[in-house]
Every structure is written in structure tokens, then in C-alpha cells.
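Examination of the molecular architecture
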Amino acid sequence: MSRVVLKNLSKSFGEVNVVNDISLEIIDHEFLSFLGPSGCGKTTTLRMIAGFDMPTAGEIFIGDRLVSSAEKKVFVPPEDRNVGMVFQNYAVWPHMDVFKNVAYPLKISKVKSADIRDRVMRVLSLVKLKGMESRYPHQLSGGQQQRVALARALIMEPDVMLLDEPLSNLDAKLREEMRFEIKDIQRRIGVTIIYVTHDQAEAMAMSDRILLLHEATVQQLGTPRELYERPENQFAADFIGLINFLRIELISKGDGLCARFLDADDDTPFDINYSPEQLSAGMQRVFAVRPENVKLVSPREGHVTGKVRKKVYLGNILDYRIVLGKEEIRVEAPSTAKYDIDQVVGLKFTDYVIFE
Amino acid sequence: MYHKRFRADPLILGSTFVIIGVLIVFPFTLLFINSLKADGVFTFQNYVTVFQANRNYTALFNSLKLGFFTSLFSVLLGAPLAWLVTRTNLPFAKLFKTLFILPYMIPPFVGAIAWSQLLNRRNGYINSWAASLFGLEGHVFDVNTMPGLIWVMTLYLYPFVFITVAGALERMDPTLEEAARTCGAKTMRIMRDITLPLVAPSIAGGALLVFASTIANFGIPALIGMQGRVYVLTTMIYSYMRRGLTGIAMASALSILLMSISVGALLLNNLYLKKKQYTLISGKSMRPTKLDLRRWKIPILILAFLVVFVTVIMPFVSISLTSFLDAWGAKITWDNLTLKNYRYILFEYALTKDAFKNSFLLAISAATVCMVLGSLIAYISVKTKIRGRKALEAVSQLPYAVPGTVVAIAMILAWSGKYGINLYNTFWIILLAYIARYVAFAVRTTSASLEQIHPSLEEAARISGGSWLTSLKDIVVPLIRPGLVAGWFLIFMPTLRELTMSILLWGPKTVTIGVAIFEMQEAGYVQISSAFATILLVIVIVGNLFVKWLTKGKAGI
């Protein structure tokens, strides 16, 4: 059993709330990422699960065991939690060679030395470090040191692995390579992973689910697809991928609703596929649309019209900036699109979200 | 038209090489040659003679013994204290950190005076107190012995270990220990497997620094050892030089010996241990988890206070109390307290007034010259591609690595008339010695600030039409000014209280503060030397606080 449950978890340093009432269940074998800008509380949450920080309120369960509860005064120290952890700066011990680093958890739990040798070799081949057992950390590259840290966490067969921005010190190419490897290792041994990162691409590529945090509070919990296609608030929409925000006013039209832009020259109302139960006429809202969900069409076919101000050729796409009165909107068009600067075009929205 | 303009840089930069040549290379070469010369011919005779004399042998052995035990006890005292203030929830840890470094600031010879008052066999305060308490006859402690020397030396030099180990523990990446914890290791196990092996190079480095400083120290063995006829290399050289210039051949040979040992220890530290220490530094500082002392908190707090009491409070109380005594050795009563010792040294005694004047003049001149010379050397080494710049920098560091006694002997050899210039017994020979020894400080502080200045800043000034000198004056100097000011005080403070070199170089008209206190103590004017030492301590403490305020806590202690 290796699920992790957080119940109303909070942490404050004095007056400052660094983690504010997080509740979450991470299921067995799941790869879950804590994503957010620096200072959002993701690392503190991870360190509370590891046992390095004590929560001010709330409970943490690993498996079925309560490991931390501010209310019941339960606190299991990190060394008794059986979690593996990989640190941002690797934390590979410089005075021990690769073998000793990786074997250390087994030595602590008094495994027989013949078994230690066996298991170290197995895990070293899993992280592709076979043949390097007698090297010292200063003889290894950053990527290799990270593999040592990974092996050291894996060898204890932990209930859950915690990874704290493990790839952020690596160069771009290596980072991509390690992403797939970590994912692959997880798939093979089926360990539960909690992964902290500020890199949205990393979180999208690896995670089963993402917990998006901002200013100590949960913004959204969902699959990468849900976060991208159905962001629940402006922060979530803005943090992941590119998006345009435009102010709209809702107008009733028969039984349904339509909207018009508040800051555009062309304020022709256009239909929206939201029901009157969700929104009602007279409201002012924010219309959020991703650049790839805007089609450039002839002026008559679009929801609104605008004028091309700038276009940049990026190979696979053309990056257009279209002026709609006071505001400007970014549009990604296929590189075959043939609209020129100052030309009036129609904009057609294929997918969008409306926020308060 | 092409104007041939006067260019200042080759002249100024070139003369720096010449000055360092005359100031450092020349005297040290002479020292080396002189140790190999007897009766005008090259020979190893001096070294043979040195080892034929039993007392030289004993002095060498004593130096090594003192160095070894002082290093050992400094580690036993300094390393646990460093761990306590950085890694546990000891109350007032920050205050204790300052207090544990404090002995480093007290001039060792002042510490020696204090401890000979506290522990001398005739009427040491502690001996008298113990005798009256337990009704004993005679003395319990005798400071004028090898154990006494080791005791006093340890109390004043253990901060080297404390500082290096505390630094290593603070810089050490806390995740190294956290990683061990997630592997299932308990606190004590982590200490043994991770923390201790990782700080071991720093402990060894601190111990080597203590070793080098111990065998280079003059004040403590002179004031405590000589009375008990315990001679070490520095005091043996001093006693040869007291015979006048006739002892200089033997003194040179002993100096070379002394120099080899201390430079060896420092090289070992720099070449081998420093490299190992680098692997610890993580760059970003995070707060390490602090160990809860629980029920040990109060006993350990008392112990920490006891260390401060013994190393700082007791000696200070002893010296200042003695300075107010009318008669030394008599009972401490109101009738026996007086201010006359202060009146005497401040207003009546010509020698002490001279000492103040000379020391201030020497310290101000040495600090100023060192900063000018040192920043030129740093500039050449950091900012130019002149050939030999690294050698220049290395040579400028040499006199600080070498014991002060050795520097003084080299100065005497070079400037006592044999080569045309006779500065022996003058103000100038002391000044030259101070400059030679402390220019290393100036080079270090300024090169650190110079490295922060991107070359493009100077290049922009040149492109704008400024000459080299103008860009130096308008761009470089203003940018490194805080470093220059801090560096000036870092030289002013130790030269003001200098003893080791001054004692070999002073003449009838060039008494310094250190020499005056030393001579009065040796002559038995205990209250007067105590009063003088108290004044010096106050100057040192106020000066350090001032430097700390001036540099916003970066320099000073």
C-alpha cells in the first residue's frame, strides 16, 4: 500500500502561511507533480511529507500509517517513514564512492553484505551506472550524480519517492533524456512518485496528475490535459501555455447568451456555448482563448474582426498579432496562412474558457 | 598626428616589482645565504652547530611538542563548540559564536600576562585562592612549564579551529544530512557517517593553522616559557639576538628551520586540505536542521559559559584588577586600589608615551603604505597580463606565511649597514618589517574587490578618452574603496599591538606598545604592564567594533 493522503495540511512560519489547507490523495503507482512558481509552497509540502518540516495543522498518511498530525501530536521522523528522496542538488556524499552511496540505506537497515552487493548492482543497471561503482562523485557529471541519487532512493524500495526539482540543475538536453528515464523506471517498478517542479513542460510530460499551487493555495488538481484545456482560473490558464485574456460583457439572446468584447472596435455580439445556468446577461467576464484556438478567416466568417499588426514566421507556424481596438490578440496560424500586415481579418474561436 | 604621451603605467607597475624585490626578495635571499655562510665561506657549518647545541635541539623539540599538543587540544575544544553553536538549539548561540572567537582578538602576549598573574606559583590569584580554600601549602599550578604553555596557547589559538569548523558546518549542504536521514539513519549515525567525515578536512586545516601559529608565536613562550626555562625556537632566536649581532648566524640557521616547519604546515593546508574543503560548499545556504539538546540544554549552556569565563572573563578581570593595585601580591582591599598606575603610564613615564606615539605612527604608516603597494600588486595580478604577476603575488604573501621572528631576522640582515644602508635601531627598519609582513593582507582584500569589477568598466573609461591613471582614479578606486578602508584597518589593528618583530628590531628611541608592555612585565612592574595592557585591550575592542560597524560586519571579529 503506498498511497499518500494529505488532510487539511497547513504550514506557517510566524504570520506567513506557506502552505494553506491542502487536501489530496495520491493513489498507488501514481506520478503526481506539485507545480507552481517559486515560493508557492510546493517544496515545503514535499518536505512535510518527507518529515523535514512539521505541519502547523492537518494530517499526513503514508499507506495507512498516520505519520504526521499536528492535532494528535503524531510525528514520525524522516528516518522511519520509508520514503525515498531525490534532492535538487543531488546530495550525493562526496566522501563515498558510487557503491557506498547507493548501498548506504541497506547498510543502515543491516542487510547482509552479499545481498547488498546484489541489490546495488541491480539498481545501478536500472539507472545505467553499471561499471561506475568505484567512482567518486567529483568524477561524475551532473547527470550521473543525479542517477546515483535516484539509485540511492530506489534501493530502499520506498513506499513513495519524493523528487524535489531533480532535473533543474541539468542542461536542456540531459533534462529531456532524464524525464523519460525517470518515467520509464517508474513504469517498470511501479513506485508512487511525488515530483516537485516549476517547469510546466516537465510536469505536463511526466505526470498522471498535476497539483497546481500558487501563493500557498491549491489552484487546480487534474490531469495535464484538464489543466491545459479546462483551466479553472486565470492563474492556471496563464501559468500553463500561452493564452489571451479579453474582457467581455454577456448579453441575452433569445433563450441563450451571447457576448461582446468590451475593449474591441468591433463589438458585434457572438454566440457562446455556455448555458444561462452558468452565466447570465449583464455580467462582465474574462474570455480566455489560446492562440492555436483562434482561426483566421475572412472578415464575414469570423466572430469578430481585427487588423493584422505583426506577423513572425516561426517555421511550423506563423505567429500573428491582431489588433482588436485597445487590445491585441495573439494567434497561431499554419505557416501557409497568407494574411498581410494591416489586412482586416475575421477571428473564429474554436475553444475557449470564461472566467470571472 | 601621433602624439607620444607620457604613459604612467609601465613606470608605476614596473616599480612595484622593484619595491617587492627590495622589500621581500632581497632580505629573504640574504637570510638563506647567511644561514649557509660562516667566516665568509659557504658551508653547512651553521646547521651543524645548531644541532650540536643541546638547547637548540630541545628548543626544536619543544616547539614541535607545543605545536602538536596545542593543535590537539584546540581541536578537542574548538570543534565541539563549533558544532554546538551551528547545529544545536543552544540558547544564545549567536552571542556564544562571537564570544568563542573573542580570544582571537586579544593579543596573545596580553593573554600570557593574564595567565601568569592567575597561575604563577608564587602568588597567582588561582593558586592563592586554592591554597586558602583547601588550606594547602605551596602551589597547585605552575604556569611556567610546558603544560602551562600548552594551556595558554590553546586558549588563544583554538578560535582557528572553531572558525574553520563552524564555517564548514554552516556552508555544508544540509541536504547531505537529510539524504542520510531519508535512508533511515538516526542522528548519531549521521554524525559518524556523514557530518564528521565531511568536516574532517576543515578540522585538520584548522589544526594545521594552530600548529603554524603556535610555533611562530613569540609572546606566550617568551613571557611564560622563558621564566621556567622552557625555550622554543622563537625564544631561542630571541636569546641569540640579545647578544647583539654576533648571534645572527645561529639565529639565521634557526630561522630557516622555523620557517621550513611553519611554511610546510601552511602549504600542506593550502595544497591538500583546501581542495577537499571545496567539495562541501553547496553555494546556496539553507538552514540546517538543528538538534534539540533536550535535557542536556542547561548543563551544556553552563559549560559554554564556563569556556567564556575561563578564556575571556577571567584573564580580563585579572589584568584590569592588577592594573588598579598599589602593591602587587598584597591582599585585594579598597586601600590597595589606586589609579596611579594609569597616571604614571599616561602622563609621567616618558617610555610609555613614546611607545604610544611610535606605535600609532608605525601602524598608520604601515597600513597606508601596505594598502597602496598591496592594491598595485592586486591590480597587476588580477587586471593585467604582465609576465611574472602570479610570482609577484605569491612573493607578497610569503612574509605573512613566515613567522614574524624570521621576518625580523631577514630585515636585520638586509638593513644593518652591510649593504650600504644602516637602518638598525631606527623607526624605518620596524616600518619595513611591518610593511613586508602585512602587505599580504592588503593584496588579499583588494584582489577580492578587484575581481568583482568587470574589465569592461575600465575599458569603457579608456574608450571615453581617459588615460590608465584616470580610469584607475575615477573608476577602479571608487569601486574598491570599501575594501581599501577595511583592509587599512585590518593592517592598522595588528601592527598597533605588534610584538614579535618589534622586540627584535626596537632601539632606544623606537619603543612600541608591545615592546613596552613586554619589557615592563619582564622587569617585574606587573601593575604598570597590566594598566598598559588594559588600555591596549580597550583600544583593540573599540577598534574591532569600529571596523565591524564600518564594514557592516564583514571584517573584524
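Residues numbered from 1 in each chain as written. Chains lettered and ligands numbered in written order. Predicted model: local features only at pLDDT ≥ 70, side-chain atom pairs only at ≥ 80, totals over all residues. Heavy atoms only, no water.

An unreviewed UniProt entry lists chain B under the name Binding-protein-dependent transport systems inner membrane component, with Mesotoga prima as the source organism. The record held by UniProt for chain B lists under Sequence similarities (unreviewed entry) the comment "Belongs to the binding-protein-dependent transport system permease family." (UniProt positions renumbered as here; feature names shortened; annotations may be inferred.)

Chain A has the name Putrescine transport ATP-binding protein in an unreviewed UniProt entry, where Mesotoga prima is given as its organism.

**Some thoughts on the overall build of chain A**
Along chain A, the regular secondary structure elements total eight helices and 21 strands. Each principal axis of the C-alpha atoms in chain A carries an extent, and together these give about 80 × 50 × 35 Å. Going through the 356 residues of chain A one by one, you find that 52% of them count as buried. At a minimum sequence separation of 6, the contacts of chain A that also span at least 24 residues come to 63%. (Helix = DSSP H or I, 4+ residues; strand = E, 2+ residues; numbered from the N terminus. Buried < 20%, exposed > 50% of the residue type's maximum accessible area, 1.4 Å probe, protein only. Contact = heavy atoms within 4.5 Å.)

**Observations concerning the overall build of chain B**
Counting its secondary structure elements, chain B contains 23 helices and two strands. Against the compact-globule benchmark of 24 Å for 557 residues, chain B has a radius of gyration of 25 Å, which places it among compact chains. Along the longest, intermediate and shortest principal axes, the C-alpha atoms of chain B span 95 × 70 × 50 Å. Residues counted as buried form 54% of the 557 residues belonging to chain B. Once local pairs closer than 6 in sequence are excluded, the contacts in chain B between residues at least 24 apart make up 77%. For chain B, the computed accessible surface area is about 25700 Å², with 67% contributed by carbon and sulfur atoms. Here chain B holds 49 positive side-chain charges and 22 negative ones, and the gap between their average locations is 5 Å. (Rg over C-alpha atoms; globule rule 2.2 N^0.38 Å. Areas by Shrake-Rupley, 256 points an atom, 1.4 Å probe, with all protein chains shown as cover. Lys, Arg positive; Asp, Glu negative; His and termini not counted. Charge placed at Lys NZ, Arg CZ, Asp CG, Glu CD.)

**So, the environment of asparagine 244 of chain A**
All names here are of chain A. Along the chain, the position of asparagine 244 falls in strand S12 (residues 244-253). Here asparagine 244 falls in the buried class, since its relative accessible area comes to 8%. Remark: the alpha-carbon pair of asparagine 244 and serine 69, spanning 175 residues in sequence, is separated by 43 Å. Residues contacting asparagine 244, with those up to four places away along its chain left out, are Phe287, Ala288, Val289, Arg290, Pro291, Ile329 and Arg330. At 2.9 Å, the side chain of asparagine 244 forms a polar contact with the backbone oxygen of arginine 330. (Polar contact = N/O pair within 3.5 Å; in protein donor to acceptor, adjacent residues only side chain to side chain.)

**Observations regarding the environment of leucine 9 of chain A**
Residue and element names in this part refer to chain A. Assignment of secondary structure puts leucine 9 in strand S1 (residues 4-13). For leucine 9, a relative accessible area of 0% translates into the label buried. Considered as a pair, leucine 9 and serine 69 are 60 residues apart in the sequence and their alpha carbons are 9.1 Å apart.

**Notes on helix H13 (residues 297-323) of chain B**
Helix length check: H13 of chain B, at 27 residues, gives a terminal C-alpha distance of 37 Å against a target of 39 Å (1.5 Å per residue), a fit within 8%. Taken as a whole, H13 of chain B carries its principal kink of about 45 degrees at phenylalanine 309 of chain B. (Expected span 1.5 Å × (residues − 1). Bend = angle between axes of the 7 residues up to and from the residue.)

**Some points on the packing of helix H4 (residues 142-154) of chain A against helix H5 (residues 172-189) of chain A**
Residue and element names in this part refer to chain A. Running from amino to carboxyl end, H4 crosses H5 at an angle of 15 degrees, the nearest separation of the two axes being 12 Å. Of the possible angle classes, the one that applies to H4 and H5 is roughly parallel. Crossing of H4 over H5 shows right-handed handedness. In contact with Gly143, Gln146, Arg147, Leu150 and Leu154 of H4, H5 contributes Leu174, Glu177, Met178, Glu181, Ile182, Ile185 and Ile189. (Axes fitted to C-alpha atoms, helices over the stretch in contact; angles between N-to-C directions. Parallel < 35°, antiparallel > 145°, perpendicular 65-115°, else oblique. Left-handed = near helix turned anticlockwise from the far one by under 90°.)

**Brief notes about the UniProt feature "domain: ABC transmembrane type-1" (unreviewed entry) in chain B**
Taken from the UniProt record, the annotation "domain: ABC transmembrane type-1" (unreviewed entry) applies to residues 60-267 and 356-547 of chain B. Strand forms 0% of residues 356-547 of chain B and helix 79%; the C-alpha atoms that close the span are 20 Å apart.

**Description of the interface of chain A and chain B**
Across the boundary between the two partners, chain A contributes 24 residues, which contact 21 residues of chain B. Both sides together, the interface formed by chain A and chain B hides about 2100 Å², and carbon and sulfur atoms give 59% of it. Notably, a salt bridge pairs lysine 186 of chain B with glutamate 79 of chain A, separated by 3.9 Å at the nearest N-O pair. Counting the contacts that link chain A with chain B gives seven residue pairs in polar contact (both at pLDDT 80 or more). Going through the elements one at a time, strand S7 (83-86) and helix H2 (98-108) of chain A are the ones with two or more residues in the side of chain A that touches chain B. (Buried area = accessible area lost by both parts, 1.4 Å probe. Salt bridge = Lys/Arg side-chain N within 4 Å of Asp/Glu carboxyl O.)

**A closer look at the domain arrangement of chain B**
Residues and elements named next belong to chain B. Domain annotation of chain B identifies domain 1 (1-30 + 349-511) and domain 2 (47-308). Spacing between the C-alpha centres of domain 1 and domain 2 amounts to 30 Å. With both chains or domains summed, domain 1 and domain 2 bury close to 1600 Å², and 80% of this area falls on carbon and sulfur atoms. On the domain 1 side of the contact with domain 2, Pro403, Ile409 and Arg497 bury the most area, a combined 32% of that side's loss. At the boundary of domain 1 and domain 2, one finds zero salt bridges. Connecting domain 1 to domain 2 are one residue pair in polar contact (both at pLDDT 80 or more). At the level of secondary structure, the elements contributing two or more residues to the side of domain 1 that touches domain 2 comprise helix H17 (404-414) and helix H21 (502-505). (Domains from an automatic or database assignment.)

**Some points on the confidence of the model for chain B**
Mean pLDDT over chain B: 87, with 94% of residues reaching 70 or higher. Per-residue pLDDT, averaged within each element of chain B, yields its smallest value for strand S1 (residues 37-38) of chain B (75) and its largest for helix H3 (residues 54-87) of chain B (94). (pLDDT = per-residue confidence, 0-100.)

**Focus: the sheet that holds strand S11 (residues 217-222) of chain A**
Note: strands within a sheet are paired through backbone hydrogen bonds, in either parallel or antiparallel orientation. Residues and elements named next belong to chain A. Read across the sheet, six strands follow the order S7-S8-S9-S3-S10-S11 without closing on themselves; strand pairing throughout is mixed. Each edge of the open sheet carries a strand with a single partner, namely S7 and S11. The mean inter-strand angle of the sheet, taken between neighbouring strand axes irrespective of direction, is 15 degrees. (Pairing = 2+ DSSP bridges.)

**Description of the UniProt feature "domain: ABC transporter" (unreviewed entry) in chain A**
UniProt records the feature "domain: ABC transporter" (unreviewed entry) at residues 4-240 of chain A, using the numbering of this structure. From the first C-alpha to the last, residues 4-240 of chain A spans 26 Å; its make-up is 35% helix and 28% strand.

**Some points on the sheet that holds strand S6 (residues 74-75) of chain A**
Residue and element names in this part refer to chain A. Pairing is antiparallel across the open sheet formed by five strands, whose spatial order is S2-S1-S4-S5-S6. If you trace the sheet from one side to the other, it starts and ends with strand S2 (16-26) and S6, each paired once. Here four bridges tie strand S4 (residues 57-62) to strand S5 (residues 65-69), and the two strands are oriented antiparallel to one another. Bridge assignment links isoleucine 62 to a residue of S5, and that residue is arginine 65. The strands touched by helix H1 (residues 42-50) are S1, S2 and S4; relative to S1, the strand with the most contacts, the crossing angle is about 120 degrees.

**As for the pairing of S1 of chain A**
Residues and elements named next belong to chain A. As judged from the five bridges shared by S1 and S4, these two strands associate in the antiparallel manner. Of the residues in S4, the one forming a bridge with valine 5 is phenylalanine 61. Note: S1 against S2, seven bridges, orientation antiparallel. In the sheet register, phenylalanine 13 faces S2, and the bridge partner there is valine 16. Where S1 folds back on S2, the antiparallel hairpin that results is connected by two residues, among which glycine 14 adopts a positive phi of roughly 65 degrees.

**Some words on the side chain of serine 502 of chain B**
All names here are of chain B. Mapped onto the elements, serine 502 comes out in helix H21. The buried category is assigned to serine 502, whose relative accessible area is 0%. A polar atom in the side chain of serine 502 sits 2.8 Å from the side chain of tyrosine 434. At 2.7 Å, the side chain of serine 502 and the side chain of glutamate 498 are in polar contact. Look past the residues within four positions of serine 502 in its chain and what remains in contact with it is Tyr434, Thr512 and Val515.

**A few points about the nonpolar core**
Within the largest apolar cluster, 217 residues are counted, with the highest numbers of intra-cluster contacts made by Phe100 and Trp115 of chain B. It is helix H7 (residues 146-171) of chain B that contributes the most residues to this core, 16 residues altogether. Residues within four places of tryptophan 115 of chain B in sequence aside, it is in contact with Asn120, Ile126, Val143, Trp151, Val152, Leu155, Tyr156, Val310, Met314 and Pro315 of chain B. Phe99, Met121, Leu163 and Leu170 of chain A belong to the second-largest nonpolar core, a separate cluster that totals 37 residues. (Core = buried A, V, L, I, M, F, W, Y, C linked by side-chain atoms within 4.5 Å.)

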